[in-house]
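One letter stands for each residue in the lines below.
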Amino acid sequence: MSREGLVYPKELRYSKEHEWAKVEGRRVRVGITKFAADRLSDVVYVELPQVGAEVSFMQPFGVVESVKAVSDLYAPVSGKVVDVNRTLAEKPEVINVDPYGDAWMIVIEPRNLSELDRLLDATAYAAFVGEGTS
Amino acid sequence: MDETLRRTPLYAAHLAAGARMVPFAGWEMPVQYSSILDEHRAVRTRAGLFDVSHMGEVDLIGRGALDLAQRLVTNDVARLAHGQALYTPMCTPEGGIIDDLLVYRMADAHFMVVINAANTAEDLAWIRAHAGPDVRVTDRTDEVALLAFQGPRAQEVLQRLTPVPLASIKYYWFRADVPVTGRTTMVSRTGYTGEDGFEIYAPVRDAVHLWDAILEEGRAQGVLPAGLGARDTLRLEAGFLLHGNDMDKTVTPLEAGLAWTVKFAKGEFIGAEALRQQKAEGIPRRLVGFTLEGRAIARHGFPIHQNHATVGQVTSGTFGPTVEESIGLGFVPPRLADPGEQVAIEIRTRDIPGVVTKLPFYTREPKRAG
């Protein structure tokens, strides 16, 4: 199995701001990639929107903060926030441990699923972050 | 990475240990190995080993060494016995802090001053500009490696590597003749973490040997190499200031809460007049600690508010891994400097409530007798 298959799951789409998007029926689950989590390292704080908030394609929807740095979170698709991972408020370190699983951040009901076509697939994302075939 | 960055003798050892290297004060330094939080906790509960060889070491030797040291710094160097060290600011004539340093008294007419990497060139020029012909000023930064071994298990681990009884070295004392695995080092009981521990000065050629030996000896007890990231969270919890962040030439020791290092009675020193005047006229602002609601981090430069008016500025902030709170340092007017005063920090356009807090945020438990 290729390394990028483990680090960047094939079934996800990726933004150049290092969010992943996972289509679940008519909804899209969102988090940040392992690359982003490793780069940030030691996440200590996450600021997420409320359920019901509207988010826009590649506009900030929240903030993730590590000991070293703060980064905006960008919505990989426009729509309404229908679920928020509240456990991250108390346990933000999960982002460093399980970025594609327990550390999902929000679920969006998208207005326009075709926006996802503008994101990268796993191979393209791996190349983008310099972890391609080299 | 920038090719002009300097590397310590432990550069290869850091890479081998998986360190993430960053430019810091002109040096390529390890910011973390595994995780800042893990390294922080290792130092608080076991011990951590830091490479701080980027710090500068300068010898003042000669008949005029004591007078020079006394003139340059605000603390009273004359009170030092052989084998004793002190912490002190070094000020401009206006009372601004050029740097904060450690001064070690090696002999009657021999002091070693340890200076911040970012200020080494400027400090050296300043020191040399004030030295007369009766003092020799020597920059030894390139010959000297410095390891900080910090944490509650540091003494017990280091003791297994040396015949010198380390318990005999008290806080802010040192010995210059300590063989560690057979290599001669100078060991002081000093540090920047709020834990018990040592700083180990050694010839550059012995740095890798000592680094490996200490980590190997401590492995079974969970000793970890620790980087600049943990060094910053540890020092901030312990209430130690960082020159360039919390103070600089625009800040006086009186404003920075370092009045205890300003010894007016010792005789004239550079900055004394300005500091005396400031003390008489009143200190315009004070550096204080604060804690914040929630986990967002107050970063350097963020405004401090009271009733939505800006009253000061954050100089350092982090999430304290041991105190498990968002903590920081910043300047406020004297009327807001007492513990318990309510302030707010503007973080990304929102006012986050905070409270002025007595420093340090973290104090280690005293060692149990026996």
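Residues numbered from 1 in each chain as written. Chains lettered and ligands numbered in written order. Predicted model: local features only at pLDDT ≥ 70, side-chain atom pairs only at ≥ 80, totals over all residues.

The next point concerns the overall build of chain A. Per the secondary structure count, chain A includes five helices and nine strands. Ordering the α and β elements of chain A from the N terminus gives α-β-β-β-α-β-β-β-β-β-α-α-β-α. Since a compact globule built from 134 residues should have a radius of gyration of about 14 Å, the 14 Å found for chain A is in line with a globular shape. The buried share of chain A, reckoned over its 134 residues, is 43%. (Helix = DSSP H or I, 4+ residues; strand = E, 2+ residues; numbered from the N terminus. Rg over C-alpha atoms; globule rule 2.2 N^0.38 Å. Buried ≥ 20, exposed ≤ 12 C-beta atoms within 10 Å, placed from the backbone.)

All names here are of chain B. Split by domain assignment, chain B resolves into domain 1 (11-55 + 142-237) and domain 2 (56-139). One C-alpha centre belongs to domain 1, the other to domain 2; they are set 24 Å apart. Counting residues at the interface gives 13 residues for domain 1 and 14 residues for domain 2. Considering every element that reaches the side of domain 1 that touches domain 2, the biggest residue donor is strand β10 (residues 174-180), with three residues. Residues of the side of domain 1 that touches domain 2, tallied by class, amount to eight nonpolar, four polar and one charged. (Domains from an automatic or database assignment. Contact = placed C-beta atoms within 7 Å. Nonpolar A, V, L, I, M, F, W, Y, C, P; charged D, E, K, R; others polar.)

Take the confidence of the model for chain B next. Residues at a pLDDT of 70 or more form 98% of chain B, whose mean pLDDT is 96. Here the predicted complex scores 0.94 on pTM and 0.85 on ipTM. (pLDDT = per-residue confidence, 0-100.)

Here the focus is the pairing of strand β17 (residues 325-332) of chain B. All names here are of chain B. Among the eight residues that make up β17, seven are buried, leaving the element largely enclosed by the rest of the structure. Taken together, the seven bridges between strand β14 (residues 286-292) and β17 define a ladder with antiparallel strand orientation. Residue pairing in the sheet places R286 in a bridge with V332 of β17. Relative to β17, strand β16 (residues 309-320) runs antiparallel, the two sharing seven bridges. Bridging across to β17, S316 finds its partner in L329. Between β16 and β17, which pair antiparallel in sequence order, lie four residues; one of them, E324, sits at a positive phi of approximately 50°. (Pairing = 2+ DSSP bridges.)

P360(B) follows L359(B) through a cis peptide bond whose omega is 0°. Mapped onto the elements of the fold, P360(B) is located in the segment after β19 (350-357). With a phi angle near 60°, M58(A) is a residue other than glycine that sits in the positive phi range. For M58(A), the location among the structural elements is in the loop between β5 (54-55) and β6 (60-66). Using a count of 17 C-beta atoms within 10 Å as the deciding quantity, one classes M58(A) as partly exposed. One non-glycine residue with positive phi stands out, namely T181(B), at about 45°. In this fold, T181(B) is placed in the loop between β10 and β11 (183-188).

Residue and element names in this part refer to chain B. Over its 12 residues, helix α6 (residues 207-218) extends 17 Å from the first C-alpha to the last, a length consistent with the 16 Å expected when each residue adds 1.5 Å. Of all the residues in α6, the buried ones are A207, L210, W211, I214 and G218. Seen end-on, α6 carries its buried residues on one side only, within an arc spanning 100°. (Expected span 1.5 Å × (residues − 1). Arc of directions from axis to C-beta.)

Residue and element names in this part refer to chain B. L147 and F149 are the most contacted members of the largest nonpolar core, which totals 138 residues. When residues of this core are assigned to their parent elements, the largest contribution, six residues, is made by strand β9 (residues 144-150). Setting aside chain neighbours within four positions, we find L147 in contact with L49, F50, D51, I200, L210 and W211. (Core = buried A, V, L, I, M, F, W, Y, C linked by C-beta atoms within 7 Å.)

Residues and elements named next belong to chain A. The strand order across the open sheet built from three strands is β4-β6-β7, with neighbouring strands paired in antiparallel fashion. Of all strands in the sheet, those bounded by a partner on one side alone are β4 (43-47) and β7 (70-74). Neighbour-to-neighbour, the strand axes of this sheet turn through a mean angle of 25°, independent of strand direction. Two strands pair when backbone bridges link them, and β6 and β7 are joined in this way by five bridges, in the antiparallel orientation. Looking across to β7, one finds that G62 is bridged to L73. (Axes fitted to C-alpha atoms, helices over the stretch in contact; angles between N-to-C directions.)

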